[in-house]
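What follows is each chain in one-letter form.
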Amino acid sequence: MTRLKITREEALAFHMDPTPGKWEVQATVPMTSQRDLSLAYSPGVAVPCLEIAERPETAYDYTNKGNLVAVISNGTAVLGLGNLGALGSKPVMEGKSVLFKRFADVNSIDIELDTEDPDEFCKAVKLMGPTFGGINLEDIKAPECFIIEQRLKEEMDIPVFHDDQHGTAVICAAGLINALHISGKKIEDVKIVLNGAGAAGIACIELLKSMGARHDNCVVCDTKGVIYQGRTDGMNQWKSAHAIATELRTLEEAMVGADVFLGVSVKGAVTQEMVASMADNPVIFAMANPDPEITPEEAHAVRMDAIVATGRSDYPNQVNNVLGFPYLFRGALDINARAINDEMKIACAHALAALAREDVPDEVAVAYGKNLTFGRDYIIPTPFDPRLIHRIPPAVAKAGMQTGAARRPIVDMDAYEVRLKTRMDPTASILRGIAARARKAQARMIFAEGDDPRVLRAAVMYQRSGYGTALVVGRPDDVKTKLVDAGLEDAVREIEVVNAANSLHLETYKQFLYARLQRQGHDQRDVHRLAARDRHVFAALMLAHGHGDGLVSGATRKSAHVLAQINRVFDADAAHGAAGVTALLHKGRIVLMADTLVHEWPEPEDLATIAERAADVARHLGLEPRVAFVSFSTFGYPVSERAEKMHKAPDVLARRGANFEYEGEMTVDVALNATAQKSYPFQRLSGPANILVVPARHSASISVKLMQEMAGATVIGPILAGVEKPIQICSTGSTANDILNMALLAACEIGS
């Protein structure tokens, strides 16, 4: 895999649009009426206030304390950037907050404290204790991080967790469990060499010792060499705790005969000679970021038997903290834990290790574009494994309950696991799967509207993200000017600009187009104007002749106009079975709406075809289709001529032998609500519909825009289905990211 290229301008734009920052606050209760306000605030709020004052533990029942974590830093050790100060650390802390939400549905607030004094820091955090169910410390330099964490753990009655230390340690431990399993070694027998005696390194070695590694078998090194008994230079109490009686003085000496190397230090700290001197089946965790102590290629060049992990996503076996901290806190919060103790961290590590040894779900394989099986290149689960949310927190919770850390033990663990499965938003995994399939396809994507900055930004993102080659239709000078204005001047040399005026294929395109349109009132001059001057037609001609693999258009013109132009080159109309399907993503649900693009007033046969096209799209997105033909009536009541065709459409599908669930006609609430469906025991859907086929295009358009504007639904589409080549048409209000998503949809159709 190649490393993604991210420019300064892209990073700043990501953090600025659509609103500054990365998260916002939303109410979870109705706030529309005077009664709502009276319940949420005065006088209704007085009741839970008095209840909590009398019984403090009920704060977990009446407030968000039980699902709220503070991500707190003073910015003294921000990533690999050093001391940027409290304000400079805020983007990182916001990012950590959204990771909590994304991976474990934990609400989180970032707090940046403008002090480097441990006493002031601890006092501030302690005073905020009543607000939160847990504290995640982040990016605090050593040795202050040790002092701060220890004090807060002693003084607070909620979990305090410094992720830079313990997050790395937990994932490292999980990987080591499996690496030793593969190499046939036991943790109590192996010689472990740690390079890097900072916060993460000390936490790693301490956790491994608590899991059975012997003190005398663990050699810790820092920039001055081996930490041995009697050494005084560069020492502190945390390093001294791991000093051993040894004659070893350098990392090179320590590596001889070592079974395990753990690196949380710097690029290039380990040489091939050091790796060659290690014991059989060596385990090398080179976790320095952004570049490891030694790359897997370098290590394997001298030791094919080595099991190698790094901190990078473009190598196998990534030691990624996101596998740990969200699920540790999820489990801890769900038992109202007083702390996250070693037993809970070890339980997390063992659960992660066990998960990696199991068969990997198909959706993970699809998302990563390859089959993953337990072995030397897969000893740690992937961050997007959907099982993490319901496998890791229960293990953490059980350990917390067994060690007395739980204030509120979970009684029914099976029911708890079921609740965890329903917490997460499935839409993220679907979008990730689309991106992975697009990356695998490596399509030459045609972006038809090279005069629009949004399109150009999407094209640059497409190519720089490794999805394939971006072909931009436009005038080179105009494209260059707009890229420079957008702060992407370095992309001028990267993307390929295709200009109709000097295309070597223009005559071939014109001949092809004239053959299609000569009996539709178009002479050769008309065809020349279309082929040479209309970017939508020219881009479609490129695609038709194999000079690109997919096409994205529509950001600058109404979709009806774009579709009409494309239809001059392809059979992309109702008569040939094309249909438009829009995906609505909202609060963890995905519903496809059809037809939103092609059919103005479909008849029963058309409706059945639309359902078939929508079912194809659903399967392409990883969904099992459940189609509802929706109207304002349900199974014949009230009687209406306009609902009659929705009643007949399922019969058409039955005659065609459709191989997916379908039912109708029915109102939207019956289609989407499993409880409402129980009132009709004869109906054939096994659950809420995920495809709604509506009576007419205007119905679809109104429904989509209403959901988008009133409910804040994410809209993808309309997705053009039933055309021989991958073509996607954006809406005129699309952002650069929306256009990129449509390009990915087009790309992942290739070869499917």
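Here, the structure is the one placed above.
The shown structure was predicted, so the numbers you read here are calculated from the model rather than taken from an experiment.

Whenever I open this one, the overall build of the protein confuses me. Can you help?
Along the protein, the regular secondary structure elements total 32 helices and 21 strands. Computed over its C-alpha atoms, the radius of gyration of the protein comes to 30 Å, within 12% of the 27 Å expected for a compact globule of 752 residues. Counting the 752 residues in the protein, one finds 53% classified as buried. Counted over contacts in the protein with a minimum sequence separation of 6, partners at least 24 positions apart contribute 70%. Surface accessibility of the protein: about 33600 Å² in total, with carbon and sulfur atoms responsible for 52%. Considering the protein, the positive charge centre built from 79 side chains and the negative charge centre built from 94 side chains are found 3 Å apart.

Would you explain the packing of aromatic side chains in this entry?
The geometry of an aromatic ring pair is captured by the separation of the ring centres together with the interplanar angle, meaning the angle of the planes. The final tally for this structure, using the stated rule, is twelve aromatic pairs. For the pair Phe635 and Tyr680, a centre-to-centre distance of 5.4 Å together with 55 degrees between the ring planes defines the contact as tilted. Of this pair, Phe635 sits in the loop between β17 (626-630) and α28 (641-656) while Tyr680 sits in the loop between α30 (674-677) and β19 (691-693), and the two are 45 residues apart along the sequence. Three or more aromatic residues link up through ring pairs in this structure, and these residues are Phe100, Phe161, Phe325 and Phe329.

Is there a simple way to think about the pairing of strand β10 (residues 307-310) in this case?
A regular strand carries its side chains on alternate faces of the sheet. Here β10 shows a buried face lined by Ile307 and Ala309 and a second buried face lined by Val308 and Thr310. Relative to β10, strand β9 (residues 283-286) is paired through four bridges, and the arrangement is parallel. Bridged to Val283 within β10 is Ile307. For the crossover that starts at β9, traverses helix α14 (residues 296-302) and ends in the parallel β10, the hand is right-handed.

What is the right way to read the nonpolar core from this model?
In globular proteins that are soluble, nonpolar side chains generally tend to be buried together. Within the largest apolar cluster, 100 residues are counted, with the highest numbers of intra-cluster contacts made by Ile135 and Phe285. If one sorts the elements of this core by residue count, helix α9 (residues 163-183) sits on top with ten residues. Phe285 has contacts with Cys172, Gly175, Leu176, Phe261, Leu262, Gly263, Ala309, Val319 and Ile379, leaving out every residue within four places of it along the chain. One finds Leu456, Val479, Ala579 and Ala583 within the second-largest nonpolar core, a separate group that totals 66 residues.

I tried to follow the sheet that holds strand β6 (residues 218-222) on my own but got confused; where do I start?
Across the sheet, which stays open at both edges, the six strands sit in the order β7-β6-β5-β8-β9-β10 with mixed pairing between neighbours. Only two strands of the sheet have a single neighbouring strand rather than two, namely β7 (225-226) and β10. Taken together, the four bridges between strand β8 (residues 260-263) and β9 define a ladder with parallel strand orientation. Following the sheet pairing, Leu262 is matched in β9 by Phe285. On the sheet, α9 packs against β8, β9 and β10 and is oriented at approximately 160 degrees with respect to β9.

Is there a simple way to think about the sheet that holds strand β14 (residues 550-553) in this case?
By way of backbone hydrogen bonds, the strands of a sheet pair with one another, either parallel or antiparallel. Overall, parallel pairing links the five strands, which are arranged β13-β12-β11-β14-β21 in an open sheet. Whereas interior strands pair on both sides, the edge strands pair on one side only; in this sheet they are β13 (496-498) and β21 (727-729). If you compare each strand with its neighbour and ignore which way they point, the axes differ by 25 degrees on average. Here three bridges tie strand β12 (residues 468-473) to β13, and the two strands are oriented parallel to one another. From the neighbouring strand, Val473 faces β13, where its bridge partner is Val498. The strands touched by helix α26 (residues 559-566) are β14 and β21; relative to β21, the strand with the most contacts, the crossing angle is about 155 degrees.

When you look at the packing of helix α23 (residues 506-517) against helix α25 (residues 535-544) in this model, what are you seeing that I'm missing?
Helix-helix packing is characterised by the crossing angle of the two axes and by the distance between the axes. Direction vectors running N to C along α23 and α25 enclose 95 degrees, while the axes themselves pass 10 Å from each other. It follows from the interaxial angle that α23 and α25 lie roughly perpendicular. Judged by residue contacts, Leu506, Tyr509, Phe512 and Leu513 of α23 engage Val537, Phe538, Leu541, Met542 and Ala544 from α25. For the contact of α23 with α25, a count of residues per class yields nine nonpolar, no polar and no charged.

Looking at this structure, how should I read the pattern of salt bridges?
Side chains that differ in sign of charge can pair as their charged atoms come close. Scanning the model with the defined rule gives 40 salt bridges in all. A salt bridge links Glu138 to Lys96; the shortest N-O distance between them is 2.5 Å. Residue Glu138 is located in the loop between β3 (134-137) and α8 (144-155), and its partner Lys96 is located in helix α6 (residues 90-104); the two are separated by 42 residues in the primary sequence. Overall, the relative accessible area of 6% leaves Lys96 in the buried class. Asp314 is the salt-bridge partner of Arg312, the closest N and O atoms lying 2.8 Å from each other. Here the two residues Arg312 and Asp314 agree in accessibility, since each one is buried. Each of Lys90, Glu94, Asp110 and Glu112 takes part in one network of salt bridges that share partners.

Criteria and cut-off values
Residues numbered from 1 in each chain as written. Predicted model: local features only at pLDDT ≥ 70, side-chain atom pairs only at ≥ 80, totals over all residues. Heavy atoms only, no water. Helix = DSSP H or I, 4+ residues; strand = E, 2+ residues; numbered from the N terminus. Rg over C-alpha atoms; globule rule 2.2 N^0.38 Å. Buried < 20%, exposed > 50% of the residue type's maximum accessible area, 1.4 Å probe, protein only. Contact = heavy atoms within 4.5 Å. Areas by Shrake-Rupley, 256 points an atom, 1.4 Å probe, with all protein chains shown as cover. Lys, Arg positive; Asp, Glu negative; His and termini not counted. Charge placed at Lys NZ, Arg CZ, Asp CG, Glu CD. Phe/Tyr/Trp six-rings, centres within 6.5 Å; stacked < 30°, edge-to-face > 60°. Pairing = 2+ DSSP bridges. Right-handed = clockwise from strand over helix to strand, strands pointing away. Core = buried A, V, L, I, M, F, W, Y, C linked by side-chain atoms within 4.5 Å. Axes fitted to C-alpha atoms, helices over the stretch in contact; angles between N-to-C directions. Parallel < 35°, antiparallel > 145°, perpendicular 65-115°, else oblique. Nonpolar A, V, L, I, M, F, W, Y, C, P; charged D, E, K, R; others polar. Salt bridge = Lys/Arg side-chain N within 4 Å of Asp/Glu carboxyl O.

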